[in-house]
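# Structural characterization, general
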Amino acid sequence: MNGESKPKKNEQIALLVTCLSDLFRPQIAHATVELIEKLGYRVDVPAQTCCGQPAYNAGEEDKTRMLAENMIRIFEPYRYVVGSSGSCVATIKEHYPRLFREGTSEYEQCMKFAQKTYELSTFLVDFIQVNLEKKPLFDKQPVRITYHDSCSGLRELGIRSQPRKLLRDRLGIDISEISNSEVCCGFGGLFCVKYPEISTRMVDNKIEGIEHVEADVLLGGDLGCLMNIAGRLRRVGSKTRVYHYAELLTETVPGPAIGYQE
Amino acid sequence: MQVQSKNFRKTAKKALLDADLRVAMGRAEGGFVDTRKLVVEELDNFQEYREFARDTKNHVLAHLDYYLTKFESNVQASGGQVHWASNGEEVNRIVVDICKRPEIKKITKGKSMVSEEFALNAGLEAADFQVIETDLGEYIIQLANETPSHIIAPAVHKTKQAVTDLFDEYHREAGYPRVVERLDIVNQARQVLRDHFCTADVGITGGNFLIADTGSIALITNEGNGDLTANLPKIHIVVTSIEKVIPDMQALGGFLRLLGRSATGQIMSVYTTLFNGPKRIDDLDGPEEFHVVLVDNGRSEILGTQFQDILRCIKCGACMNHCPVYTNIGGHAYGWVYPGPMGSVLTPLMVGQKNAPDLPYACTLNGRCKTVCPVMIPLPDLLRKHRNNLVEMGESKRFQRWGMWVWAQVARNPRLYFLMTSLYVRKLNVLARLLLVFRRGSFKHIPMLGAWTSTRDFPVPSTATFQGQWKKRKRSE
C-alpha cells in the first residue's frame, strides 16, 4: 500500500513544494530536499502548482476540487509525498476527502494521496523515526529560540513535539516557549488582508509573547504565518529573526532570515 | 434585538481602539482559558463526556418532536403550562398576556440569551411593566443600556471603573455610597436587587436543559438570582428554546460535568436548580403559576440542514473564550445576540446571510474553538459551509471571485503556473530594485497589497522560484 511502510533506501520521494515556499522562500524547499536526501532517499519534484487551500477556505469548493484532481494526478506515480507546510499537508489529508463522494474512484484516488502525504517533521520523527546528528548552530552562541505552533499543523495534524525533537537532536537546544505559542498569529490566509486591523492586533499579541522571552529567533512550520510574523516584527523594528524550522536542521549555517537579504 | 452585523468591519475597528475593552477582555481571556484547562485535565475522561454529549444531542435532534411532546406532557402533569412560540413576536405576546393583570407591575428576570433574540424586555416595557435584570452582569448592562457582549459573562467588556461610575449614577439617589472595591460593588448590587426580588410580581428565567422524562427545567447559575427570581414571585415564566431538551436525568449528569468546566472553569456552577411545576400543596414556598414558553424562532429550519450540528450548542461560551478574534474585538462587533464562533455560525442562519455577510469570514479557521467545544461542534467547518453558500449564492465579493477564477485558471496548468510565478517573482525583484529595498530584503509598501503592507513588511523573493531553481539543478546534474 502507498505510503504505509517505511521507504527503502534510494526510494523516490516526491516533494510537495507548496506555493509560498516556491515563490518567496525556496530555502525551505531546498532544506527539505537536503534532509530527505541525507537519509538516503532520492527526491523528485514533479511540476506542480497549488493545493487549492486559498480557494477552499474562501468557500470555492468547485475550484478546489479542480485543483485537487490536478494535484492527485501529478503525484499519482509516487509512493511518498513530503511537504514542509502543515496547512498544505492538512488540506490534502484532512480536507481533500471531503471534496469527493465516498465510494467513487475519485475518492479512492484522493484517499491514497492523503495517506501517502506527510508533513516533513511527522515524516522524519513519527514515520522514519530518525535521530538527527548534532551540529553547531550559528557562529555566535548562545541563541534563544522560540516556536510558533501554526494552527493547521497543530490541530489537524497533531504537530507539536516533532519539530521540537528535531531541533533538540540537531542543535542540542530547548525551545524558550512563549505562553501564546498555540494562539493564531492572525494570518488566516485571506483573513489577513480582509481584516488587516484585527489581523495586526493578533500578530502584535504574538509579538508580545516573543518579546517576553527575548527570543533571537522564531521558528515555525508554515510560511504564511511566518511571513506575517516576520513582516510585523520587521515593521516594528524588532531584532527577532524568523525561519522555517527545516532551515535550521541543514548542514550549512542558515542564511538571511525571512524578509532579510543579508 | 436589532441586527447590526452588517457593521462588523466598522464596529470591530472601533473596538480595537477601545483601551478599556482591551483591559477587560485581556483579563477575561486569561481567566477563562486557564481555569478551564485545569478542571478539564483533572477529569481523565473528558473526551468521553464530549462524545456522550454529542451523541445524546444528535439523538434528541433526530427525534425532537418526540422529546418535546414528552417534555410538554410531563410539565403539564406537574401542574405547569406549556406555550409554543414559533417566533419572537409570539413569545412577547404570550408573556405579556400572562402578565396582563392589574396587580402585576414589576418583573424580575434571570439571565436569558434567548430572550435577547426578540428583545423581550423592550416588549414588556412597552406594555408598561417594570423589568429588572437580576444577574449582576445583565443588571450592569441594563443600567448602561447596552446588550450582552458574551453569552455567559454579558458585561465582560466593562471595567470595574465603568461599573463604579454606573452604580454611582443610578444608585446615588436612593442614598447608596460610591463603591470602588469589587466586593463593595457586588454587595451594593445585592442590596438593590434584594428589594426587587421581594417586591416582584413575576419572575422570568431561562433554562439550560429541559428534561423530557420528568418535565423538569435545569437552571445553572452562579449568583443565586435565578432561584430568587423563580421562587419569590407568584408567577414563574421560563422562556427557553426547543433545542435544549434532553432525554433524562442521567443525561443531565453528563452535561453538567461539561457545562461548568467549559463555561467558567468550575467543576460545577454554584447553583444547579431543577424546576418542576408550581408550588404543590405541601410545599412551603414557590410560585403559584408555572409557565414554560418553548421558542422556535428559526431553529426548526436549521434542523435537517448541513448546519444542524450548531443546534447541539449548550451556550457555554468556551468557543468565544478561546477565539483570538473574539477576545480582541469583543462581542458587540458581531452585531447580534450571539458572538464569537458559535454566533458567527448561528447569526447568519437566524437573521439571514445577507444581514451578516462578514461573520463567516471573520475567522482565521485556526480551529481552537472546535477543540474546546463540549458538544464537538465543527465550528470552522460550518463557517466554511457558510462561505460555500455565499459563493454559490453569488454573494461573495466580486473582486474576490474574479481573482480566485484567474488564479484557479493559472493553477490548474503547471506550465502556465510556472511561467506566471517566474514572471511574478522577477517583477517583484524589479520593483524591489526600483523602490531601493532589494538589499533590505523587505518591501515597506507594495501597490495593491496595502492591506498587508500598511502594517507589515513583505519579503522580497529570490530571483527565481524554487521550481525554477530545481530545473536548473537537474539540468546541471
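Residues numbered from 1 in each chain as written. Chains lettered and ligands numbered in written order. Predicted model: local features only at pLDDT ≥ 70, side-chain atom pairs only at ≥ 80, totals over all residues. Heavy atoms only, no water.

## With respect to the overall build of chain A
Convention followed: Strands are runs of DSSP state E lasting at least 2 residues, helices are runs of H or I lasting at least 4, and numbering of each runs from the N terminus. The size measure is the radius of gyration over C-alpha atoms, and the globule rule it meets is 2.2 Å times the number of residues to the 0.38 power. Only protein chains enter the accessibility calculation, which uses a 1.4 Å probe; a residue whose area is less than 20% of its type maximum is buried, one above 50% is exposed, and one in between is partly exposed. Should any heavy atoms of two residues lie within 4.5 Å, those residues are counted as being in contact. Reported accessibility uses the Shrake-Rupley method at a 1.4 Å probe radius. Residues are deemed covered only where the shown protein chains occlude them.
Helix and strand counts for chain A come out as 12 helices and 7 strands. A globule of 262 residues ought to have a C-alpha radius of gyration of about 18 Å, and chain A, at 18 Å, matches this closely. Overall, chain A is about 50 × 45 × 30 Å in size when its C-alpha atoms are taken along their principal axes. Across the 262 residues that make up chain A, the buried fraction comes to 65%. The contacts of chain A with a sequence gap of at least 6 include a subset with a gap of at least 24, amounting to 77%. Here chain A displays about 9,800 Å² of accessible surface, and carbon together with sulfur accounts for 47% of that area.

## What about the environment of Asn74 of chain B?
Residues and elements named next belong to chain B. Just so we agree on the cut-off: N or O atoms within 3.5 Å of each other form a polar contact, as long as, within protein, one can give a hydrogen and the other can take it, and as long as residues adjacent in sequence are counted only when both atoms are side-chain atoms.
Tracing the backbone through its elements, the reader meets Asn74 in helix H4 (residues 64-77). In this structure, the C-alpha to C-alpha distance between Asn74 and Asn45, residues 29 residues apart in sequence, is 33 Å. Contacts of Asn74, omitting those with residues within four sequence positions, involve Ala212, Asp213, Thr214 and Gly215. A distance of 3.1 Å separates the side chain of Asn74 from the backbone oxygen of Asp213, its partner in a polar contact.

## Here we look at the sheet that holds strand S5 (residues 209-211) of chain B
Residue and element names in this part refer to chain B. Our working rule: Strands qualify as paired when DSSP identifies two bridges or more between them.
Taken together, the 4 strands give an open sheet; going across it, the order is S8-S5-S6-S9, and neighbouring strands pair in mixed fashion. Strand pairing shows two members of the sheet lacking a second neighbour, strand S8 (245-246) and strand S9 (271-275), which therefore form its edges. Inspection of the sheet shows S5 paired to strand S6 (residues 216-221) by 3 bridges, in the antiparallel sense. Residue pairing across strands places Phe209 opposite Ala218, the latter belonging to S6.

## Structural notes on a nonpolar patch on the surface
What counts here: Exposure above 30% relative accessible area and the lack of any salt bridge qualify a residue for a patch; like charges then connect within 9 Å, and the nonpolar side chains Val, Leu, Ile, Met, Phe, Trp and Tyr within 5 Å. Each salt bridge in this description consists of a side-chain nitrogen of Lys or Arg and a carboxyl oxygen of Asp or Glu lying within 4 Å of one another.
A cluster of nonpolar side chains, Phe399, Trp402, Trp405 and Val406 of chain B, forms an exposed patch at the surface whose accessible area comes to about 510 Å². Note that Trp402 of chain B resides in helix H19 (residues 398-411).

## As for the state of the cysteines
Residues and elements named next belong to chain A. Here is the rule: Cysteine sulfur atoms are paired as a disulfide whenever they come within 2.5 Å of each other.
Taken as a whole and assessed by the stated rule, the structure comprises 0 disulfides over all chains. The cysteine Cys192 is free of any disulfide, with Cys185 supplying the nearest cysteine sulfur at 8.6 Å. Looking at Cys192, the relative accessible area reads 2%, which means it is buried.

## Looking at the packing of aromatic side chains
Two descriptors summarise a pair of aromatic rings, namely the distance from one centre to the other and the angle between the planes of the rings. Basically, it comes down to this: Stacked, tilted and edge-to-face pairs are distinguished by plane angle, under 30 degrees for stacked and over 60 for edge-to-face with tilted covering the rest, among Phe, Tyr and Trp rings (Trp via its six-membered ring) whose centres lie within 6.5 Å. Here, a charge over a ring means that NZ of Lys or CZ of Arg falls within 6 Å of the ring centre while also lying within 35 degrees of the ring normal.
Counting across every chain of the model gives 21 aromatic pairs over all chains. Between Phe52 of chain B and Phe255 of chain B, the ring centres sit 6.3 Å apart and the planes meet at 50°, which makes this aromatic pair tilted. Highlighted residues: Phe52 of chain B in helix H3 (residues 46-62) and Phe255 of chain B in helix H12 (residues 249-264), separated in sequence by 203 residues. Overall, the relative accessible area of 33% leaves Phe52 of chain B in the partly exposed class. The exposure class assigned to Phe255 of chain B is buried, which follows from its relative accessible area of 0%. With a centroid separation of 6.2 Å and an interplanar angle of 35°, the aromatic rings of Tyr326 of chain B and Tyr334 of chain B are classed as tilted. The residues Tyr326 of chain B and Tyr334 of chain B share a single accessibility class, namely buried. Joined through ring pairs, the aromatic side chains of Phe24 and Phe187 of chain A together with Tyr424, Trp452 and Phe458 of chain B make up one cluster. The side chain of Arg241 of chain A reaches across the aromatic face of Tyr260 of chain A, ending 3.7 Å from its centre.

## Remarks on the side chain of Ser87 of chain A
All names here are of chain A. For Ser87, the location among the structural elements is in helix H5 (residues 86-95). Ser87 gets classed as buried once you look at its relative accessible area, which sits at 10%. In this view, Ser87 contacts Gln53, Ser152 and Asp222; residues no more than four positions away in its chain are not counted.

## With respect to the sheet that holds strand S7 (residues 241-244) of chain A
In sheet architecture, strand pairing relies on hydrogen bonds along the backbone and comes in two forms, parallel and antiparallel. All names here are of chain A. Heads up, the rule is: To obtain an axis, a line is fitted to C-alpha atoms, over the contacting stretch when the element is a helix, and the angle between two such axes runs from 0 to 180 degrees between their N-to-C directions.
Sheet architecture is open: 3 strands sit in the order S5-S6-S7, paired in parallel fashion. Edge strands, defined here as strands with exactly one partner in the open sheet, are strand S5 (145-148) and S7. Adjacent strand axes in the sheet meet at a mean angle of 30° when their direction is disregarded. As paired elements, strand S6 (residues 217-220) and S7 share 4 bridges and run parallel to each other. Each residue of the ladder has a partner; that of Leu218, found in S7, is Val242.

## Some words on the nonpolar core
A general trend in soluble globular proteins is that nonpolar side chains are found buried together. Threshold: Among the buried residues, those of types Ala, Val, Leu, Ile, Met, Phe, Trp, Tyr and Cys that are joined through side-chain atoms within 4.5 Å form a nonpolar core.
Ile198 of chain A together with Phe8, Val95, Ile237, Val239, Ile329 and Met342 of chain B are the most contacted members of the largest nonpolar core, which totals 98 residues. Per-element tally for this core: the top contributor is H12 of chain B, with 7 residues. Sequence-distant contacts of Ile198 of chain A, defined by excluding residues within four places in its chain, comprise Phe191 of chain A together with Phe8, Ala12, Leu16, Val325 and Ile329 of chain B. In terms of nonpolar packing, the next biggest core, distinct from the first, is built from 42 residues, Leu39, Val82, Phe123 and Phe127 of chain A among them.

## Observations regarding the domain arrangement of chain A
All names here are of chain A. Under the convention used in this document: The source of the domain bounds is an automatic or database domain assignment. For any pair of parts, buried area is found by adding up, for both, the accessible area (1.4 Å probe) each one loses once the two are put together. For this classification, Asp, Glu, Lys and Arg are treated as charged, while Ala, Val, Leu, Ile, Met, Phe, Trp, Tyr, Cys and Pro are nonpolar and the rest, including Gly, are polar.
Parsing chain A into structural domains produces domain 1 (12-127) and domain 2 (145-248). The centre of domain 1, based on its C-alpha atoms, is set 22 Å off from the matching centre of domain 2. Contact residues are listed per partner, giving 26 residues for domain 1 and 20 residues for domain 2. Summing the contributions of domain 1 and of domain 2, the shared interface buries around 1,800 Å²; its carbon and sulfur component is 68%. Of all residues in domain 1, Leu20, Ile28 and Val125 give up the largest surface area on contact with domain 2, accounting jointly for 24% of the area buried on that side. Taken together, the links from domain 1 to domain 2 amount to 1 salt bridge. Salt-bridge contacts for Glu247 lead to Arg25; the nearest nitrogen and oxygen are separated by 2.6 Å. In this assembly, domain 1 and domain 2 are joined by 10 residue pairs in polar contact (both at pLDDT 80 or more). Of all the secondary-structure elements, those providing two or more residues to the side of domain 1 that touches domain 2 are helix H1 (19-24), helix H2 (26-38), H5 and helix H7 (120-127). Of the residues that constitute the side of domain 1 that touches domain 2, the class distribution is 11 nonpolar, 10 polar and 5 charged.

## Some remarks on a positive patch on the surface
Residues and elements named next belong to chain B. Under the convention used in this document: When charges are tallied, Lys and Arg are placed among the positive residues and Asp and Glu among the negative ones, while His and the ends of the chain are skipped. Note on charges: their place is set at NZ of Lys, CZ of Arg, CG of Asp or CD of Glu.
On the surface, a cluster of positive charge is contributed by Arg415, Lys471, Lys472 and Arg475. The element that contributes the greatest number of residues to the positive patch is helix H22 (residues 466-476), accounting for 3 residues. Within the element layout of this structure, Lys471 appears in helix H22.

## Regarding the domain arrangement of chain B
Assigned domains of chain B: these are domain 1 (5-158 + 201-301) and domain 2 (405-476). Distance between the C-alpha centres of domain 1 of chain B and domain 2 of chain B: 54 Å.

## Describing the pattern of salt bridges
In total, this model carries 40 salt bridges over all chains according to the counting rule given. We note a salt bridge from Lys13 of chain B to Glu197 of chain A, for which the minimum N-O separation is 3.7 Å. With Lys13 of chain B in helix H1 (residues 8-16) and Glu197 of chain A in helix H11 (residues 196-212), the pair connects residues from two separate chains. For Lys13 of chain B, a relative accessible area of 39% translates into the label partly exposed. Since its relative accessible area comes to 34%, Glu197 of chain A is described here as partly exposed. Here Lys109 of chain B makes a salt bridge to Glu133 of chain B, at a shortest N to O gap of 2.9 Å.

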